[in-house]
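Spelled out, the chains give:
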Amino acid sequence: MNGFNVNTNVAEYKKKKAKKFKLNMKQIKLLCFAAAIALAVVLFLALVPVKSVKIIEKCVSTDTENNKSISYYDSKENVSYVENYYMDEMNSVNKHFYDKDGKIIKIESYYDNAITGTENYIYDNGALIEKNYKSADGTLYSKTIYTYVDGVLELSVAFDGENNPVAETKYVYENKRLVSTEEVNIANGKTEFTTFTYD
């Protein structure tokens with residue numbers, strides 16, 4: 001009688017164990033499927049080259065009056081933003097924005113976390129043709145128009161907010177290298193020359 005009861009319990013235990021084993025099979029299938037996906041991801045990452053990412057760097061510049069600027073660079077070696085300090089206190093921040101080709105398209109200026117103005121860059125077939133500066137409300141402060149001859153910058157003219165020309169700069173080249181600029185202040189007629197030398 002006792003032996004019969006023992007055999008019955010063993011049979012019930014085997015049934016329960018078998019039932020539990022069937023449930024684990026479903027879990028095993030799910031685990032196998034997840035493992036297959038993980039393996040595919042690992043193989044993809046191993047076969048597809050991944051571009052290395054540089055750690056963000058910074059450059060500190062200080063003038064004779066102890067004004068300091070700290071430029072922060074992103075992984076593409078573009079300036080991400082610039083912190084400007086006066087008497088060791090940060091007084092403004094410039095944030096830089098680029099297009100998909102790495103050309104700068106906008107610089108936003110901030111003071112006390114509020115935007116104060118935007119410098120915008122406009123291109124035509126990859127060449128910079130205009131740079132303008134607008135206040136936070138969109139008022140034009142100034143702009144510069146660039147003129148090219150055979151793809152080479154020849155002339156730039158600066159305008160004030162009322163579209164009056166205020167300065168004109170001519171660019172001189174030798175062997176495709178810029179060797180000098182001639183900037184004329186239209187208001188007073190004064191001319192400033194800058195020369196460039198190469199090693």
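Description of the structure in this document. Every chain is numbered on its own, with residues counted from 1 as its sequence reads. Where local features are concerned, this predicted model is filtered to residues with pLDDT of at least 70; where side-chain atom pairs are given and counted, the filter is 80 or more; whole-chain, interface and lining totals use all residues. Side-chain metrics rest on all non-hydrogen atoms present in the structure, leaving aside hydrogens and water.

Helix numbers and strand numbers start at the N terminus; a helix is a DSSP run of H or I with at least 4 residues, a strand a run of E with at least 2. When you go through the chain residue by residue, the secondary structure sums to one helix and 12 strands. A burial count over the chain gives 21% of its 199 residues as buried. Contacts are assigned to residue pairs with any non-hydrogen atoms lying within 4.5 Å of each other. A sequence separation of at least 24 residues applies to 1% of the contacts in the chain between residues at least 6 apart. Accessible surface area values rest on a Shrake-Rupley calculation with a 1.4 Å probe, where residue burial reflects the displayed protein chains alone. A total of about 15,700 Å² of accessible surface is found on the chain, and carbon and sulfur atoms cover 57% of it. Accessible area is worked out with a 1.4 Å probe on protein chains only. A residue is then buried under 20% of its type maximum, exposed over 50%, and partly exposed in between.

If the charged atoms of two oppositely charged side chains come close together, the side chains can form a pair. Each reported salt bridge corresponds to a side-chain nitrogen of Lys or Arg within 4 Å of a carboxyl oxygen of Asp or Glu. Applying the stated criterion across every chain, the model contains two salt bridges. With its nearest N and O atoms 3.6 Å apart, the salt bridge here joins Asp101 to Lys100. Taking relative accessible area as the criterion, Lys100 reaches 76% and is therefore assigned exposed. The partner of Glu108 in a salt bridge is Lys106, and the shortest N-O contact between them spans 3.2 Å. A relative accessible area of 26% places Lys106 in the partly exposed class.

With that out of the way, let us pick up the nonpolar core. Grouped together as the largest cluster of nonpolar side chains are eight residues: Ile104, Ile107, Tyr121, Leu128, Tyr146, Leu153, Tyr171 and Leu178. With near-sequence residues (within four places) excluded, Ile104 lies in contact with His96, Phe97, Tyr98, Tyr121 and Tyr123. Put simply, a nonpolar core is a bunch of buried Ala, Val, Leu, Ile, Met, Phe, Trp, Tyr and Cys residues held in one set by side-chain atoms that sit within 4.5 Å of each other.

This part takes up the sheet that holds strand 9 (residues 152–160). Note on pairing: DSSP must find at least two bridges between two strands before they are called paired. In spatial order, the strands read 1-2-3-4-5-6-7-8-9-10-11-12; together these 12 strands make up an open sheet with antiparallel pairing. In this open sheet, the two edge strands, each paired with only one partner strand, are strand 1 (57–62) and strand 12 (191–195). Mean inter-strand twist for the sheet, computed between neighbouring axes without regard to direction, equals 15°. Sheet topology places strand 7 (residues 127–135) next to strand 8 (residues 140–149); five bridges connect them, and they run antiparallel. To obtain each axis, a line is fitted to C-alpha atoms, and for helices this fit is confined to the stretch in contact; angles are then taken between N-to-C directions over 0 to 180 degrees.

So, on to the layout of surface pockets. When its volume is computed, the largest pocket comes out at roughly 160 Å³. Lining the largest pocket are Met90, Asn91, Ser92, Val93, Lys95, Tyr110, Tyr111, Asp112 and Asn113. Listing elements by their share of the lining of the largest pocket, those giving two or more residues are strand 4 (89–98) and strand 5 (104–111). Broken down by element, the lining of the largest pocket gets its largest block of residues, five residues, from strand 4. Tallied by class, residues from the lining of the largest pocket come to four nonpolar, three polar and two charged. Only protein atoms enter the 1 Å grid used here, on which a cavity is any set of points holding a 1.4 Å probe that cannot leave and a pocket is any open set flanked by protein within 12 Å on both sides along at least five of seven lines; residues with an atom within 4 Å of a point are listed as lining. Grid points are joined across faces, edges and corners, and a volume is the space filled by probe spheres set on the points. In the scheme used here, Gly and all other residues not listed as nonpolar or charged are polar, with Ala, Val, Leu, Ile, Met, Phe, Trp, Tyr, Cys and Pro taken as nonpolar and Asp, Glu, Lys and Arg as charged.

The values reported here are purely geometric and, on their own, carry no functional implication.
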